[in-house]
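Here is what each chain is made of, one letter per residue.
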Amino acid sequence: MLPSMQTPAGMIRTVNPATGAPLAEVPESTPAQVKEVVARARAARGSWAADFEARARALRAATQRVTEAAALEALARSITAEMGKPITEARAEIRGAMSRIDGYIDRARAALADERGSEHGLDVVVSWRPLGVVAVIAPWNYPVATPFNLLAAALLTGNTAIFKPSEYTPQTGATLHALLAEGLGEGVLGLVQGGGAVGAALVASDVDMIAFTGSIATGQAIMREAAGSMKRLVLELGGKDPMIVLPGADLAAAARHAARESVRNAGQVCVSVERVIVHRDIADEFTRRVAEEVARVRVGAPELEGTEMGPMVSEGQRARVLAQLVDAREKGAKFVVEGACRGPGFFLEPTVLDDVTTDMIIAREETFGPVVAIERADDTERAIALANDSHYGLGASVWGPEGAETEAVADRVEAGMVGVNRGLSAAAGAPWVGWKMSGYGYTRSVAGMRQFLQPRSRTSKTHDAAR
Ligand code: NAD
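Residues numbered from 1 in each chain as written. Predicted model: local features only at pLDDT ≥ 70, side-chain atom pairs only at ≥ 80, totals over all residues. Heavy atoms only, no water.

K.L.:
Just give me the short version of the overall build of the protein, but keep the residues and values in it.
P.N.:
Scanning the protein for helices and strands turns up 18 helices and 22 strands. Radius of gyration (C-alpha) of the protein: 23 Å, near the 23 Å computed for a compact globule of 467 residues. Over its C-alpha atoms, taken along the principal directions, the protein stretches across nearly 80 × 60 × 40 Å. Surface exposure of the protein reaches about 19000 Å², of which carbon and sulfur atoms provide 53%. In the protein, the 50 positive side-chain charges and the 56 negative ones have mean positions that sit 5 Å from each other. (Helix = DSSP H or I, 4+ residues; strand = E, 2+ residues; numbered from the N terminus. Rg over C-alpha atoms; globule rule 2.2 N^0.38 Å. Areas by Shrake-Rupley, 256 points an atom, 1.4 Å probe, with all protein chains shown as cover. Lys, Arg positive; Asp, Glu negative; His and termini not counted. Charge placed at Lys NZ, Arg CZ, Asp CG, Glu CD.)

K.L.:
Go over the side chain of Asn149, please, and point to the residues and values.
P.N.:
Counting through the fold element by element, Asn149 comes out in helix α7 (residues 145–156). What makes Asn149 buried here is its relative accessible area of 5%. A polar atom in the side chain of Asn149 sits 3.4 Å from the side chain of Thr443. (Buried < 20%, exposed > 50% of the residue type's maximum accessible area, 1.4 Å probe, protein only. Polar contact = N/O pair within 3.5 Å; in protein donor to acceptor, adjacent residues only side chain to side chain.)

K.L.:
For the pattern of salt bridges, give the residues involved together with the corresponding values.
P.N.:
The full count for this structure, using the stated rule, is 34 salt bridges. Arg42 is the partner of Asp206 in a salt bridge, and the nearest nitrogen-oxygen pair spans 3.1 Å. Note that Asp206 is positioned in the loop between α9 (196–204) and β8 (209–213) and Arg42 in helix α1 (residues 31–43), a separation of 164 residues in sequence. The class for Arg42 is buried, based on a relative accessible area of 18%. Between Lys331 and Asp327 there is a salt bridge; the shortest N-O distance is 2.7 Å. A relative accessible area of 11% means that Asp327 is categorised as buried. In this structure, a network of salt bridges that share partners links the residues Glu73, Arg77, Arg91 and Glu305. (Salt bridge = Lys/Arg side-chain N within 4 Å of Asp/Glu carboxyl O.)

K.L.:
So, the sheet that holds strand β12 (residues 334–337): which residues are in play, and what are the values?
P.N.:
Taking strand neighbours across the sheet as the criterion, the seven strands line up as β12-β15-β16-β11-β10-β17-β18 in an open arrangement whose pairing is mixed. Where the open sheet ends on each side, the last strands, each with one partner, are β12 and β18 (417–420). The sheet shows a mean angle of 20° between the axes of neighbouring strands, direction not considered. The strands touched by helix α13 (residues 315–330) within the sheet are β12, β15 (351–354) and β16 (371–377), with β15 carrying the most contacts at an inclination of about 30°. (Pairing = 2+ DSSP bridges. Axes fitted to C-alpha atoms, helices over the stretch in contact; angles between N-to-C directions. Contact = heavy atoms within 4.5 Å.)

K.L.:
Tell me what's going on with the site of the ligand, and back it up with residues and numbers.
P.N.:
For the ligand, the set of nearby residues contains 28 residues, the closest of which are Ala138, Glu167, Ser215, Thr218 and Glu366. Between an oxygen atom of the ligand and a main-chain N or O atom of Gly214, the distance comes to 3.4 Å. At 2.6 Å, a side-chain N or O of Glu366 approaches an oxygen atom of the ligand. Out of a free accessible area of 850 Å², the ligand has 88% covered by protein chains. Elements with a contribution of two residues or more to the shell around the ligand: α9, β8 and α10 (216–227). When its residues are assigned to classes, the shell around the ligand shows 14 nonpolar, ten polar and four charged. (Near = heavy atom within 4 Å. Nonpolar A, V, L, I, M, F, W, Y, C, P; charged D, E, K, R; others polar.)

K.L.:
Give a description of the packing of helix α3 (residues 52–67) against helix α4 (residues 69–83) that names residues and reports values.
P.N.:
Helices that pack against each other are described as a pair by the angle of their axes relative to one another and the distance between those axes. One can describe the packing of α3 onto α4 by two numbers: an axis separation of 5 Å at closest approach and a directional angle of 70°. Considering their axes alone, α3 and α4 lie roughly perpendicular with respect to each other. On the side of α3, the interface is formed by Arg65, Val66 and Thr67, while α4 contributes Ala69, Ala71, Leu72 and Leu75. Partitioning the contact of α3 with α4 into residue classes produces five nonpolar, one polar and one charged. (Parallel < 35°, antiparallel > 145°, perpendicular 65-115°, else oblique.)

The following block contains the structure:
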């Protein structure tokens, strides 16, 4: 949360995390404005839901507006200024997100298709109807890709939507909204601005579904609030993504992956590497290689083309990571590489820890910072047990010899998305999904699209039987 002491009532005040300098003041939506945006989205439902091919055309055109060179560059610069992502990654985030539109269209079309069957002289038709108005509440770490995934699913399936960006990225949110909403029709895609209180007001409002990405604590608050009216929910939450490294793995590739995925976006990635669990026999060599890889990461001003890692999003986020490091040191972790805090912004250089144990906070709670935290396991069974000893279950990866043995280990890891000798984000067409407390419901895939739809069955006598 932003420090409310410094924030004028009703204003979001943002700070450039690379410099600590004030960036902008953006008005928060008032309760009356939230109500009005919801009412407009409700009124727009009928015409928007009527024609799938028109929706697909409108959304494809919207992605073209976002990827037009000047718009893309302005949006990328806004991401970099507001949350510190290196400019090259900001551009890649936008391009990657928009490039998924054709796949989303195909899967929404499939999700909307009726299913027909007959049994015992009866015809059964299952059809899929939009839920109505979907509130999309987003975090700051991927301020374009994450909301776009949820908005595209909501809109393509025939719902209207309201977007609430994070209070750390309100200008990015406003720019993305303007580019997407133009041409969709009055009220189809609304925008509200603000922090937790505005988010809570949106959840409590007359919407039919909440599609949320963020922390577990906020997900729980949303679930409690939504219980009163049984609103539909998709909650994509935090992770403690373990990476298991076994003897026979390509250690150069594994060490590179551990280093790069721990520091990408300054470690502020939900599907990344949060814990590394290494078989003791290869741990010394692996750790040495990770330290070498980390030393190559170019940390610096995020607006410069060559920068690979920028600042953390906020002083508070950096303080949370530093507190985990203090706890780890007190409990005996070895600092193989100790990153320094750099000012004037919220920089924290990459850090590598060895001999992390499960009593440390860094082994149990999401870190969301540029730290490679290495735990040593005596054997494969212990490595799997360590990976599964967590209330999180978002992503994981297993590195070992190519083939069935490593895949069998991957199959025993309790995570929604598991990579074998590669990163762990879901493949196109597969669900984006967390296990245990990392999520509730899921997106992408045909089944993911159906989370935004209400199934309805109609049973009638077959024509022959009726005669
Ligand atoms: P957060 O939970 O603090 O905030 C997320 C959004 O919820 C913001 O827009 C915020 O204003 C809003 N919010 C806060 N309180 C609310 C309430 N009571 N009711 C409604 N809305 C409320 O999370 P964050 O710090 O912005 O994002 C980081 C978290 O997001 C991490 O835990 C990360 O793992 C997670 N994340 C998960 C995924 C995924 O796909 N599973 C993707 C990206 C980020």
